[in-house]
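Understanding the architecture of this molecule
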Amino acid sequence: MADDTKQETSSNQMWGGRFASGPAAIMEEINASIGFDKKLYAQDIRGSIAHATMLAHQDIISVEDKDKIIDGLNTILSEIEEGRFTFSRKLEDIHMNIEARLADLIGPAAGRLHTARSRNDQVALDFRLWVKEELQKAEALLSSLIAAFLDRAEEHAETVMPGFTHLQTAQPVTFGHHCMAYVEMFGRDRQRVRHAIEHMDESPIGAAALAGTGFAIDRHMTAKALGFREPTRNSIDTVSDRDFALEFLSIASICATHLSRLAEEIVIWSTPQFGFVRLSDAFSTGSSIMPQKKNPDAAELVRAKTGRINGSLIALLTIMKGLPLAYSKDMQEDKEQVFDAAESLELAIAAMTGMVSDMTVRADRMKAAAGSGYSTATDLADWLVREAGLPFRDAHHVTGRAVALAEEKNCDLGELSLEDLQAIHASITQAVFDVLTVEASVASRRSFGGTAPSEVKKQIAWWRARN
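Residues numbered from 1 in each chain as written. Predicted model: local features only at pLDDT ≥ 70, side-chain atom pairs only at ≥ 80, totals over all residues. Heavy atoms only, no water.

The name an unreviewed UniProt entry assigns to the protein is Argininosuccinate lyase, from the organism Rhizobium halophytocola. UniProt lists a comment for the protein under the heading Sequence similarities (unreviewed entry), and it reads "Belongs to the lyase 1 family. Argininosuccinate lyase subfamily." (UniProt positions renumbered as here; feature names shortened; annotations may be inferred.)

Given below as structure tokens:
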């Protein structure tokens, strides 16, 4: 019985004398967050060290107590990182677990650490620091993925492949140009990451529970110590804000969508029917029953991660949508969604970088497919406009008749005879055959951002200077 009483008292320390007994088991189960928020231990300790240093600088606590607190916190950091720290559900969260252990180590001085702060601004700080670090990781990972695409684009600036709309052959492009489309997409993702870091670069600590504090603290000092641009400017908003987490999840969802589109193309391209790329054994698996199978499982799993990440965004939006100012316990449910999405995104980007760098590009299969589906039909129409002076709509009609004839003869446009083409329109000359090859088609697309190898190389150079 004595042991039970001791546990109950321990679990009740944070509430002081207001509650006569500890929470019921069901309340403990729903209230405890230590199972997931222990991931914030490093940020919590870092924030506490900065806070204690500021308190001493402002003569709110003694230098002696500050030194004891910092030594104790560094000891706890070592214990956690070495696996020697015991996390207790009775103490609810990472903040109280660390504070209780600090009291064990240094005694009454530990109680001074919580001066001029609340768990509300403390968790806002810890979470914001964690998300900022994850955004910085995402920025580095996206830079690596962009670099992998730049390498493949440079290698295949002249490799012809079919370009698609509606997954139907549209016009010839180069594989280098296709790769650069993903450079643009992931470049936008990286820019969104950078903007998010700028948006959230404000320190919450010192907002206290919701109204600030009467102690003469220096929030600019703690902001600088923690690597923030400045402190937040409204204490109510500070403890109720989770925009930084929502913005992270929004960015993650958009990026995951880009990764999923790429994964879908890799899955399609690696089929025997397409055969555009071959994945290495490192990113493929076999079948338990069909020995000939080589499955693009890594790409498929990247594609599936998008569902988890999108789900996390919707979950947090739903959690936050009806909360009055300022802090509500609902916000304890914010972290698991972000933790899971961050892990999924990091793994997906890393896996895709590996696949892009490692896959074998089958240029022969791409070129053979590039001319299928009458992909140079637009080149014929453009030639009729430039050389024969036809309005484009008329040229479009003439080209359609040429395509129908080629289908009837079961041949490509370039295999029609001059007589066949002149029977459709008398102004067509032998020179038209110079534009009906896929190589001539891509080479002619020299408009800014076009697929001509010369333009692709210009865009590669532009991106290399900025990656």
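This next bit is on the state of the cysteines. Evaluation of the coordinates by the stated rule reveals zero disulfides. Here Cys179 stays unpaired: no disulfide links it, and the sulfur of Cys255, its closest cysteine neighbor, is 17 Å away. We classify Cys179 as buried; its relative accessible area is 1%. (Disulfide = S-S within 2.5 Å. Buried < 20%, exposed > 50% of the residue type's maximum accessible area, 1.4 Å probe, protein only.)

Here the focus is empty space enclosed by the protein. Evaluation of the coordinates by the stated rule reveals four cavities of 30 Å³ or more. Computed from the structure, the second largest cavity encloses a volume of approximately 50 Å³. What lines the second largest cavity is simply Glu134, Lys137, Ala138, Leu141, Phe248, Ala342, Leu345, Glu346 and Ile349. Elements with a contribution of two residues or more to the lining of the second largest cavity: α7 (119-155) and α13 (335-358). Of the residues assigned to the lining of the second largest cavity, the class counts are six nonpolar, no polar and three charged. (1 Å grid on protein atoms, 1.4 Å probe; cavity = no way out; pocket = protein on both sides within 12 Å on 5 of 7 lines; lining within 4 Å. Points joined across faces, edges and corners; volume = space filled by probe spheres on them. Helix = DSSP H or I, 4+ residues; strand = E, 2+ residues; numbered from the N terminus. Nonpolar A, V, L, I, M, F, W, Y, C, P; charged D, E, K, R; others polar.)

According to UniProt, the positions carrying the feature "domain: Argininosuccinate lyase C-terminal" (unreviewed entry) are residues 374-443. Between the C-alpha atoms that bound residues 374-443 the distance is 17 Å, and the span itself is 61% helix and 0% strand.

For the rest of this paragraph, the subject is the packing of aromatic side chains. Summed over the entire model, instances satisfying the criterion amount to eleven aromatic pairs. When the centroid spacing of 6.2 Å and the interplanar angle of 20° are considered together, the rings of Phe149 and Phe186 count as stacked. Taken as a pair, Phe149 in helix α7 and Phe186 in helix α8 (residues 175-199) lie far apart in primary sequence, 37 residues in all. Look at Phe149 and you get buried, because its relative accessible area is 3%. Chaining the aromatic ring pairs together yields one cluster made of Phe127, Trp130, Phe244 and Phe339. The cationic tip of Lys39 hangs over the ring face of Phe339; the distance from NZ or CZ to the ring centre is 5.4 Å. (Phe/Tyr/Trp six-rings, centres within 6.5 Å; stacked < 30°, edge-to-face > 60°. Lys NZ or Arg CZ within 6 Å of the ring centre and 35° of its normal.)

Another point: the layout of surface pockets. Each pocket or cavity is described by its volume, and for the largest pocket that value is around 520 Å³. What lines the largest pocket is a set of 21 residues, among which Gly163, Phe164, Thr165, His178 and Glu265 lie closest to the centre. Every element with two or more residues in the lining of the largest pocket is listed here: β1 (160-165), β2 (168-174), α8 and α11 (243-269). Classifying every residue of the lining of the largest pocket by side-chain character gives eleven nonpolar, six polar and four charged.

Two quantities define a packed helix pair, namely the angle between the helix axes and the distance between the axes. Viewed as axis vectors pointing N to C, helix α4 (residues 41-57) and α7 meet at an angle of 120°, and their least axial separation amounts to 9 Å. It follows that α4 is oblique to α7 by the angle criterion. The chirality of how α4 crosses α7 is right-handed. Residues Gln43, Asp44, Arg46, Gly47 and Ser48 of α4 touch α7, and the partners they reach there are Gln122, Leu125, Asp126, Leu129, Trp130 and Glu133. Residue classes in the contact of α4 with α7 are distributed as three nonpolar, four polar and four charged. (Axes fitted to C-alpha atoms, helices over the stretch in contact; angles between N-to-C directions. Parallel < 35°, antiparallel > 145°, perpendicular 65-115°, else oblique. Left-handed = near helix turned anticlockwise from the far one by under 90°. Contact = heavy atoms within 4.5 Å.)

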